[in-house]
Amino acid sequence: MKARSLAAVWFATAALAVATAALAGCGGSGGALDVARPDGPRTVTAPVIRAVDGDTILVRLDGQAEYVRYIGVDTPETVKPDTPVQCYGPQASTFNHRRTDGQTVRLVFDRERQDVYGRLLAYVYRGNDFLNADLARRGLARPLTIPPNTAHEALFAQLSRQAGRAGRGLWGKC
């Protein structure tokens, strides 16, 4: 009788652990991402479907395609309706395509998770590479600070100044 009771307790405990893990959404993105909840996961991973342009990607998150706009940087336009392709935009777009298409990225959110266009706002990492910073460092983007997402504002400004002094990217061509 005692062995049977212990087995029943063990089974109930194991079932509870499995149910808790399923409800918590362990693994991957850490569960469904609710952009309206600032207390939601701060970091998620997602496969990239494709880069849209220099500072925007399309990812698959919780079974849905989601646009992600890089926080803190702005690359020259290449696909904006009614806007001509801007100087050094194709180079920024090519860089982003090469770094992200078909890859898995880590999205790190700041205080505001979504913009007025419905895009997710994130710092984007591929492995150890911080892509927002790489764009600024290479002169492929200008800093663009939109509060309250300011965690790396000083870094992006510094990298852009260095790129400008060195004449890298758009700073040397546009």
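This text gives an overview of the structure that appears in the document. Keep in mind that this is a model prediction, so the values were computed, not measured.

1. Description of helix 2 (residues 89-100)
The terminal C-alpha atoms of helix 2, which comprises twelve residues, lie 16 Å apart, in line with the 16 Å expected from a rise of 1.5 Å per residue. Along helix 2, the residues that are buried comprise Gly89, Ala92, Ser93, Phe95, Asn96, Arg99 and Thr100. When helix 2 is viewed along its axis, its buried side chains cluster within an angular range of 160° and face the same direction.

2. Re the packing of aromatic side chains
Within the structure shown, the criterion is met by four aromatic pairs. Each ring, one from phenylalanine 130 and one from phenylalanine 156, has its centre 5.8 Å from the other, and the planes form 50°; the classification is tilted. Residue phenylalanine 130 is found in strand 7 (residues 129-130), and its partner phenylalanine 156 is found in helix 4 (residues 153-166); the two are separated by 26 residues along the sequence. Through pairs of rings, three or more aromatic residues link up here, namely Tyr123, Tyr125, Phe130 and Phe156. The side chain of arginine 106 reaches across the aromatic face of tyrosine 125, ending 4.4 Å from its centre. In this structure, arginine 142 is placed above the aromatic ring of tryptophan 171, and the distance from its NZ or CZ to the ring centre is 5.3 Å.

Rules used throughout
Per chain, the residues get numbers from 1 upward, laid out in the order the sequence is written. In view of the model being predicted, local features appear only for residues whose pLDDT reaches at least 70, and side-chain atom pairs are presented and counted only at 80 or more, with totals across whole chains, interfaces and linings using the full set of residues. The side-chain values count all of the structure's non-hydrogen atoms but skip hydrogen atoms and water molecules. Under the DSSP-based scheme used, a helix requires at least four consecutive residues in state H or I and a strand at least two consecutive residues in state E, with every element numbered from the N terminus. A helix is expected to span 1.5 Å for every residue after the first. Note on exposure labels: buried denotes an accessible area under 20% of the residue type's maximum, exposed denotes more than 50%, and partly exposed covers the range between, all computed with a 1.4 Å probe on protein chains only. The directions considered for the arc are those from the helix axis to the C-beta atoms. Only the six-membered ring of Trp is used, alongside the rings of Phe and Tyr, when aromatic pairs are assigned; centres must lie within 6.5 Å, and planes under 30 degrees apart are stacked while those over 60 apart are edge-to-face, with the rest tilted. We call a charge positioned above a ring when the Lys NZ or Arg CZ atom is no farther than 6 Å from the ring centre and deviates by at most 35 degrees from the ring normal.

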